[in-house]
Amino acid sequence: MENPQDSTVVGKMGYASMPSLDGAKPGAADLGSWTYTINASGKNKEASYLFSAWALSKDIQTALADEGGLHP
């Protein structure tokens, strides 16, 4: 994203440290980020959609945040 030969957003990006849970030490992402996709040739697209909708719902995302995120 910061290579001018490959990117159109050079100099337009911002960065910040992850917040910590206790404020005493730097925060860190447990797993980075999650991406949910539905395979176009999958046999269970509706089930995949329903799981994604559940996992990304406000209630589930709030519960995860309240517990400090995902932990391995």
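On a predicted model such as this, the values are computed, not experimentally measured, just so you know.

Colleague: Would you take a moment to explain the overall build of the protein chain for this structure?
Modeller: Within the protein chain, the regular secondary structure consists of two helices and zero strands. Of all 72 residues assigned to the protein chain, the portion counted as buried reaches 4%. For the protein chain, restricting intrachain contacts to residue pairs at least 6 apart in sequence, the fraction spanning at least 24 positions comes to 21%. As displayed, the protein chain has an accessible area near 6,500 Å², and 56% of this comes from carbon and sulfur atoms.

Colleague: Would you take a moment to explain the side chain of Ser 7 for this structure?
Modeller: Mapped onto the elements, Ser 7 comes out in the segment before α1 (45–55). Among the polar contacts listed, one links the side chain of Ser 7 to the backbone oxygen of Met 1, at a separation of 3.0 Å. Engagement of the side chain of Ser 7 in a polar contact is seen with the backbone nitrogen of Val 9, the distance being 3.0 Å.

Colleague: Can you help me understand the packing of aromatic side chains in this one?
Modeller: All told, the structure shown has two aromatic pairs when counted by the stated rule. When the ring of Phe 51 is compared with that of Trp 54, the centres are 5.7 Å apart and the planes differ by 45°; the resulting orientation is tilted. Within this pair, Phe 51 and its partner Trp 54 are both found in helix α1, separated by three residues, close to a single helical turn. Owing to a relative accessible area of 43%, Phe 51 belongs among the partly exposed residues under this scheme.

Rules of the game
Residues numbered from 1 in each chain as written. Predicted model: local features only at pLDDT ≥ 70, side-chain atom pairs only at ≥ 80, totals over all residues. Heavy atoms only, no water. Helix = DSSP H or I, 4+ residues; strand = E, 2+ residues; numbered from the N terminus. Buried < 20%, exposed > 50% of the residue type's maximum accessible area, 1.4 Å probe, protein only. Contact = heavy atoms within 4.5 Å. Areas by Shrake-Rupley, 256 points an atom, 1.4 Å probe, with all protein chains shown as cover. Polar contact = N/O pair within 3.5 Å; in protein donor to acceptor, adjacent residues only side chain to side chain. Phe/Tyr/Trp six-rings, centres within 6.5 Å; stacked < 30°, edge-to-face > 60°.

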